[in-house]
Amino acid sequence: MQNIRFLTAGDSSLLIEFGDEISPEINKKITATVQLMKAQQIEGVVDLIPAFCSLLINYDPRIITYESLQKRMEHLVKLDVTAEQASKKVIEIPVCYGGEYGPDIENIAEHAGLSVEEVIKIHSSRDYLIYMLGFLPGFAYLGGLEECLHTPRLANPRIKINAGSVGIGGSQTGIYPLDSPGGWQLLGMTPVTVYDPLREVPILYEAGEYIRFVPVDEAEYKRIKAEVENGTYQCIVHEGGV
């Protein structure tokens, strides 16, 4: 990450490119920079949008100039941010695998040469780094899917995939936060609402955090869903990567 680039992006945005490859190291640097900026509360900064290898900063040019912001950022990205990264936040997402909740799990298992039980065990054995959010509100681009579970997208995408569906598309896995068309192979569903525009914080997680999928049976799925609907369910969150 020696060649960090600062670029203009329109008349009120600064783009910082931290590299040209998708890697946990670059993502950690981006996440740490976002944390530092939030802590410093730089006047005039309107929004921070982290991506795989970059950070877009939207600012109000009436309050801070591009030159001033760039100078501040050049200083920030040089700081030792190891301490900022000491805490790993992991959000547990319960998932009911297979059956009507995961209609493509047999396809995934067959493609991998594994049993359905092995697919579930492997898929739920990792903490998945959230590289960025996009495509839909709350759609997390996750890294860390085991190569043996990489599965091609459906030849004919579905017109509607229900919110909460957990799928695999190529080398990625993720959660559909809203009802949406899509071509990912579905292996399960979570009763958790990961995006709710009426919540104080609409999206359940942020880039730089981790998701851990936890298998539950149908009875547990329905119990959690009832708690979600009456507003009493809280996801288990681990600080420090427990």
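Relevant structure appears above.
Residues numbered from 1 in each chain as written. Predicted model: local features only at pLDDT ≥ 70, side-chain atom pairs only at ≥ 80, totals over all residues. Heavy atoms only, no water.

## Remarks on the overall build of the protein
Working step 1: Of regular secondary structure, the protein possesses five helices and 14 strands.
Working step 2: Radius of gyration (C-alpha) of the protein: 19 Å, near the 18 Å computed for a compact globule of 242 residues.
Working step 3: Seen through its C-alpha atoms, the protein measures out along the principal axes to roughly 55 × 40 × 35 Å.
Working step 4: For the protein, buried positions account for 47% of its 242 residues.
Working step 5: Put simply, 64% of the contacts in the protein that link residues at least 6 apart link residues at least 24 apart.
Working step 6: Taken as a whole, the protein presents about 12600 Å² of accessible surface, with 51% of it coming from carbon and sulfur.
Working step 7: A gap of 3 Å separates the mean positions of the 20 positive and 33 negative side-chain charges of the protein. (Helix = DSSP H or I, 4+ residues; strand = E, 2+ residues; numbered from the N terminus. Rg over C-alpha atoms; globule rule 2.2 N^0.38 Å. Buried < 20%, exposed > 50% of the residue type's maximum accessible area, 1.4 Å probe, protein only. Contact = heavy atoms within 4.5 Å. Areas by Shrake-Rupley, 256 points an atom, 1.4 Å probe, with all protein chains shown as cover. Lys, Arg positive; Asp, Glu negative; His and termini not counted. Charge placed at Lys NZ, Arg CZ, Asp CG, Glu CD.)

## A few points about the nonpolar core
Working step 1: In this structure, Ile 93, Ile 175, Leu 187, Tyr 205, Ile 211 and Phe 213 are the most contacted members of the largest nonpolar core, which totals 27 residues.
Working step 2: Listing elements by their share of this core, those giving two or more residues are strand 5 (89-97), helix 3 (105-112), helix 4 (116-123), strand 6 (127-133), strand 7 (140-143), strand 9 (165-169) and strand 13 (210-215).
Working step 3: Here the element with the most residues in this core is strand 5; it accounts for four residues.
Working step 4: Apart from residues lying up to four places away in sequence, Phe 213 is in contact with Ile 93, Val 95, Tyr 97, His 123, Ser 124, Tyr 128, Leu 142, Val 166, Thr 173 and Ile 175.
Working step 5: Counting residues in hydrophobic clusters, the runner-up holds 20 residues, among them Phe 6, Ile 16, Ile 42 and Val 77. (Core = buried A, V, L, I, M, F, W, Y, C linked by side-chain atoms within 4.5 Å.)

## A word on the pairing of strand 4 (residues 54-59)
Working step 1: Counted residue by residue, strand 4 has five buried out of six residues, so it is predominantly covered.
Working step 2: Hairpin remark: strand 3 (residues 45-50) followed by strand 4, antiparallel, with three residues in the connecting loop. (Pairing = 2+ DSSP bridges.)

## Some remarks on the pairing of strand 3
Working step 1: The pairing of strand 3 with strand 4 spans five bridges and is classified as antiparallel. Residue pairing for strand 4: Pro 50 is matched across the bridge by Leu 55.

## Notes on the environment of Ile 130
Working step 1: Along the chain, Ile 130 falls in strand 6.
Working step 2: On the accessibility criterion, Ile 130 (0% relative accessible area) is buried.
Working step 3: In this structure, the C-alpha to C-alpha distance between Ile 130 and Pro 202, residues 72 residues apart in sequence, is 16 Å.
Working step 4: When sequence neighbours within four positions are dropped, the list of residues in contact with Ile 130 reads Asn 27, Ala 140, Tyr 141, Leu 142, Tyr 205, Glu 206, Ala 207, Gly 208, Glu 209, Tyr 210 and Ile 211.

## A short note on the side chain of Glu 209
Working step 1: Relative to the helices and strands, Glu 209 resides in the loop between strand 12 (185-189) and strand 13.
Working step 2: Here Glu 209 is in contact with Lys 89, Ile 91, Tyr 128, Leu 129 and Ile 130, once residues within four sequence places are set aside.

## Some points on the packing of aromatic side chains
Working step 1: Considering all chains together, one arrives at nine aromatic pairs under this definition.
Working step 2: Relative to Tyr 176, the ring of Phe 139 has its centre 6.2 Å away and its plane inclined at 75 degrees; by these criteria the two rings are edge-to-face. On the criterion of sequence distance, the pair formed by Phe 139 in the loop between strand 6 and strand 7 and Tyr 176 in the loop between strand 10 (172-175) and strand 11 (180-182) is long-range, its members being 37 residues apart. Neither Phe 139 nor Tyr 176 differs from the other in exposure class; each is buried.
Working step 3: Arranged with centres 6.2 Å apart and planes meeting at 80 degrees, the rings of Tyr 176 and Trp 184 form a pair that is edge-to-face. With respect to burial, Tyr 176 and Trp 184 carry one shared label: buried. (Phe/Tyr/Trp six-rings, centres within 6.5 Å; stacked < 30°, edge-to-face > 60°.)

## Some remarks on the packing of helix 3 against helix 4
Working step 1: Packing of helix 3 against helix 4 brings their axes to within 9 Å, and their N-to-C directions diverge by 90 degrees. It follows from the interaxial angle that helix 3 and helix 4 lie roughly perpendicular. Contact residues: Ile 105, Glu 106, Ile 108 and Ala 109 in helix 3; Val 116, Val 119 and Ile 120 in helix 4.
Working step 2: Across the contact of helix 3 with helix 4, the residue classes break down as six nonpolar, no polar and one charged. (Axes fitted to C-alpha atoms, helices over the stretch in contact; angles between N-to-C directions. Parallel < 35°, antiparallel > 145°, perpendicular 65-115°, else oblique. Nonpolar A, V, L, I, M, F, W, Y, C, P; charged D, E, K, R; others polar.)

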